[in-house]
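So you can see what is in the structure, the chains are spelled out below.
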Amino acid sequence: RPLTHDALPDTQYDVYPAHDLPPGTVHVGFAALAEMLDGQSIVVIDGCGGVLWSHFQAALDQALTARGVQANWQNVESALRSPAEIDALVEPFLGGDDPLFGSRFTGTLADFFDQDRLRALRPDPDVTLSILYGSGAALANWPGSLIYIDVPKSEVQFRARAGSVSSLGAQSTTMQPDSKAIYKRFYFVDWVALNQHKAAIWPHIDMWIDEQRPDDPACMRGTDLRAALTHMSRSCFRARPWFEPGVWGGQWIKEHIPQVPQDTPNIAWSFELITPENGLLLQSDGLLCEVSFECLMYQESNAVLGSSAPRFKHDFPIRFDFLDTFDGGNLSIQCHPRPEYALEHFGEPFTQDETYYILDCKSGAQVYLGFQPGIDRDEFCSELESLIPGTEPIDIVHYVHSEATEKHGLYLIPNGTIHGAGKDNLVLEISATPYIFTFKIYDWMRLDLDGQPRPINLERAFDNLYFDRQGERIAREFVSHPAVLDTGNDWRIIHLPTHAEHFYDVHRLEFATHIEVETHGSPHVLSLVEGQVIDVLTANGHTQRFSYAETFVIPAAAAHYQLINRSSAPVKVVKAFMKA
């Protein structure tokens, strides 16, 4: 992200949406951080995986020295168990030779440490300032100020791919065989343990540091950060999106969002609201600081989730992302796990139930959805098993049904349903939050961007597919049939029913001037899908402006809000929310 953020035209999608804070709230640089530590005698600097600890320690030490402060530094990494012990600890959760999937770690961050060595770490009483630093430093229970360093998970992945960071307890990045293995370890082990730890210490953090710009870390006092999240949990906000190319990626996002890198061959995904990996940007005096979305949930889950908080706890349940296949290719033919399978095999409390909302499409575009009538399971499996990389694609529509897509149509993909978006669609994927559990069945005989075959998951897929989802049942049950729910002077609410297995529902709000909306105890996730600009006014007096294709959240605690059209023509806003 940039150090500062310039205002954009109202009609332009903003890649760096920021929540405004009072002046003097965000500070940048090591000199500012050293000044904020002036007078401290004991400091604990904890942080997530992916921090460039050596660089940070050296730069802060230099800034402290410039102020005449000589610090004694101790690295909590010295108390870690051996790499062999850590490998044995995490191995049961890494899925063996499965290239993609493991299961959620059931231990804690403390399990990575030798408790005797951890207790032996003590502040030096003979120095002006003792500093304990590293991921897990707070576990030593030093009685000093607690600083937490965070790095957005998107940046952690970039650093891992570059070989700059490694997993918890790994002595060097060379111990990690490839980027997919690194990500699997992060997802199933490191992030689970580190997030649990962050949740436990969250109320006690005295200073928050966003380290994604290693030479210009942004920092905030913990009290200011927690106050900002309290305000956000009762008004509205956008998460910071991030973007990735892919083998099937398209050109729509590049053409419509000029802030994204134009030197990439395509953009496949726009992660609008995938809360385990998105962050929230805060802005003061033009300076930006990012905080992980999960911190909002640690502090304000009841306000954000309302009546669904007991079920989802710290998990935000709804996901929005874009799949761009304009002038690109077809997604793989795929399915997602049934709920009991996701829990048993991956430790996930709920599964990846999806819908495709078509924000835009070309004539002739289609979505693959369900099976052809009379599908022969064994024949389909046999043909897939016989495929050899590099051979010609098979006639997949002999087995898989396709539907022509329509702009603003909604296509329903509950777990176990075979599906895939075809080329020339801009899909707004409205889904349950889990986001990596895709079992590829057929991938058009192509290679990934790294030149390697993409993993196919036939066994897992066939364990989860519903073969009775076929024929005329598809149009009746898996294509949403809109109905007018309510109307007013210049507005109407369209219900786009989801499948019985979806725990969320979808409305489209269409209006010329404004419309009033109640949250009814549920968070609302919305996107402006037609029109230029709208304002959102929440009951606490907060007003925020959103542009075409931007996704934003209204927490349950907002209770009531108004959408105000600032476009030159009527607008349409899609809203996803929890079923009662």
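Residues numbered from 1 in each chain as written. Predicted model: local features only at pLDDT ≥ 70, side-chain atom pairs only at ≥ 80, totals over all residues. Heavy atoms only, no water.

Novice: With reference to specific residues and values, describe the environment of Asn489.
Specialist: Mapped onto the fold, Asn489 is located in the loop between β22 (483-487) and β23 (491-496). Asn489 sits 391 residues away from Asp98 along the chain, and the two C-alpha atoms are 57 Å apart. (Helix = DSSP H or I, 4+ residues; strand = E, 2+ residues; numbered from the N terminus.)

Novice: Which residues make up helix α3 (residues 83-90), and what are the values?
Specialist: When α3 is considered as a whole, its buried residues turn out to be Ile86, Leu89 and Val90. Projected down its long axis, α3 shows its buried positions confined to an angular sector of 85 degrees, all on one face. Facing away from the buried side of α3 by over 90 degrees, the exposed positions are Ala84 and Ala88. The inward-facing, buried residues of α3 abut α6 (179-201). (Buried < 20%, exposed > 50% of the residue type's maximum accessible area, 1.4 Å probe, protein only. Arc of directions from axis to C-beta. Contact = heavy atoms within 4.5 Å.)

Novice: So what's going on with the layout of surface pockets? Which residues, and what values?
Specialist: Remark: the empty space left among the atoms is shown by a probe the size of a water molecule rolled over them. Of the volumes computed, that of the largest pocket is approximately 1,200 Å³. Along its surface, the largest pocket is lined by 43 residues, and Arg161, Tyr183, Trp269, Lys440 and Arg454 are the ones closest to its centre. Those elements that place two or more of their residues in the lining of the largest pocket are α5 (153-161), α6, β9 (242-244), β10 (269-273) and β13 (318-324). Ranked by residues supplied to the lining of the largest pocket, first place goes to α6 with 8 residues. Counted by class, the lining of the largest pocket contains 22 nonpolar, 8 polar and 13 charged residues. Within this model, the second largest pocket holds a volume of roughly 760 Å³. Along its surface, the second largest pocket is lined by 27 residues, and Arg104, Asn195, Pro276, His314 and Asp315 are the ones closest to its centre. At the level of secondary structure, the elements contributing two or more residues to the lining of the second largest pocket comprise α6, α9 (293-305) and α10 (309-312). Here the element with the most residues in the lining of the second largest pocket is α6; it accounts for 6 residues. Split into classes, the residues belonging to the lining of the second largest pocket amount to 14 nonpolar, 6 polar and 7 charged. (1 Å grid on protein atoms, 1.4 Å probe; cavity = no way out; pocket = protein on both sides within 12 Å on 5 of 7 lines; lining within 4 Å. Points joined across faces, edges and corners; volume = space filled by probe spheres on them. Nonpolar A, V, L, I, M, F, W, Y, C, P; charged D, E, K, R; others polar.)

Novice: How would you sum up the confidence of the model for the chain? Please name residues and give values.
Specialist: Of all residues in the chain, 99% have pLDDT values of 70 or greater, and the mean over the chain is 96. Here residues 172-176 is a poorly scored stretch, pLDDT under 50, and it has 12 contacts once near neighbours within four places are set aside; other chains count. (pLDDT = per-residue confidence, 0-100.)

Novice: So what about the pattern of salt bridges? Which residues, and what values?
Specialist: Within the structure shown, the criterion is met by 34 salt bridges. We note a salt bridge from Lys362 to Asp424, for which the minimum N-O separation is 3.9 Å. Of this pair, Lys362 sits in the loop between β15 (354-361) and β16 (366-371) while Asp424 sits in the loop between β19 (419-421) and β20 (425-432); the two residues are 62 residues apart in sequence, bridging distant segments of the chain. For Lys362, a relative accessible area of 32% puts it in the partly exposed group. Under the relative-accessibility criterion, Asp424 is labelled buried at 14%. Among the charged side chains, a salt-bridge network with shared partners connects Asp10, Asp535, Arg545 and Arg566. (Salt bridge = Lys/Arg side-chain N within 4 Å of Asp/Glu carboxyl O.)

Novice: Requested: an account of the pairing of strand β27 (residues 533-538), with residues and values cited.
Specialist: Burial of β27 is extensive: 5 of the 6 residues sit out of reach of the surface. Where β27 meets strand β28 (residues 543-547), 5 bridges bridge the pair, whose relative direction is antiparallel. Looking across to β28, one finds that Val533 is bridged to Ser547. Counting the residues that bridge the hairpin from β27 to β28 gives 4 residues, and of these Gly541 lies at a positive phi of roughly 90 degrees. Bridge analysis of β27 against strand β30 (residues 560-565) gives 5 bridges, and the strand direction is antiparallel. What sits directly across from Leu537, in β30, is Gln562. (Pairing = 2+ DSSP bridges.)

Novice: Tell me about the packing of helix α7 (residues 222-232) against α9, and please be specific about residues and values.
Specialist: Direction vectors running N to C along α7 and α9 enclose 75 degrees, while the axes themselves pass 10 Å from each other. Classed by the angle they form, the pair α7 and α9 counts as roughly perpendicular. Taken together, the residues of α9 that come into contact with α7 (itself represented by Arg226, Leu229 and Thr230) are Cys295, Leu296, Gln299 and Glu300. Here the contact of α7 with α9 is composed, by residue class, of 3 nonpolar, 2 polar and 2 charged. (Axes fitted to C-alpha atoms, helices over the stretch in contact; angles between N-to-C directions. Parallel < 35°, antiparallel > 145°, perpendicular 65-115°, else oblique.)

Novice: Would you mind going over the environment of Pro143 in detail, with residue names and values included?
Specialist: Tracing the backbone shows Pro143 in the loop between β5 (129-133) and β6 (145-150). Overall, the relative accessible area of 70% leaves Pro143 in the exposed class. Taking the C-alpha atoms as reference points, Pro143 and Leu331, 188 residues apart in sequence, are found 53 Å from one another.

Novice: An account of the sheet that holds β27 is requested, with residue identities and associated values reported.
Specialist: Reading across from one edge, β25-β30-β27-β28 is the order of the 4 strands in this open sheet, with antiparallel pairing throughout. The open sheet terminates on both sides in strands that have one partner only, identified here as β25 (514-518) and β28. If you compare each strand with its neighbour and ignore which way they point, the axes differ by 25 degrees on average.

Novice: Describe in detail empty space enclosed by the protein, supporting the description with residues and values.
Specialist: The final tally for this structure, using the stated rule, is 3 cavities of 30 Å³ or more. Estimated volume of the largest cavity: approximately 70 Å³. Counting only elements with at least two residues in the lining of the largest cavity, the list comes to α5 and α6. When residues in the lining of the largest cavity are grouped by element, the largest group, 4 residues, is from α6. For the lining of the largest cavity, the per-class residue count stands at 5 nonpolar, 3 polar and 4 charged. Roughly 40 Å³ of volume is contained in the second largest cavity. By residue class, the composition of the lining of the second largest cavity is 3 nonpolar, 2 polar and 1 charged.

Novice: Let's hear about the nonpolar core: which residues, and what values?
Specialist: Ranked by internal contacts, the top residues of the largest apolar core, which has 159 residues, are Ile45, Leu60, Phe112, Phe316 and Phe380. Here this core gets 11 residues from one element, more than from any other, and that element is α6. Residues in contact with Phe112, not counting those within four places in the same chain, are Leu80, Arg81, Ile86, Leu89, Val90, Phe105, Leu168, Arg185, Val189 and Ala193. Residues Leu509, Leu528, Leu563 and Val573 belong to the second largest nonpolar core, which totals 18 residues. (Core = buried A, V, L, I, M, F, W, Y, C linked by side-chain atoms within 4.5 Å.)

Novice: Hey, could you go over α9 for me, with residue numbers and the actual values?
Specialist: The periodicity of an α-helix, 3.6 residues per turn, causes residues three or four places apart in sequence to face the same way. Here α9 spans only 13 Å end to end across 13 residues, well under the 18 Å set by a 1.5 Å rise per residue. A maximum bend of about 85 degrees is found in α9 at Gln299. All buried positions along α9 are accounted for by Phe293, Glu294, Cys295, Leu296, Met297, Tyr298, Glu300, Ser301, Ala303, Val304 and Leu305. Of the residues trailing α9, Gly306 is marked for its positive phi of about 60 degrees. (Expected span 1.5 Å × (residues − 1). Bend = angle between axes of the 7 residues up to and from the residue.)

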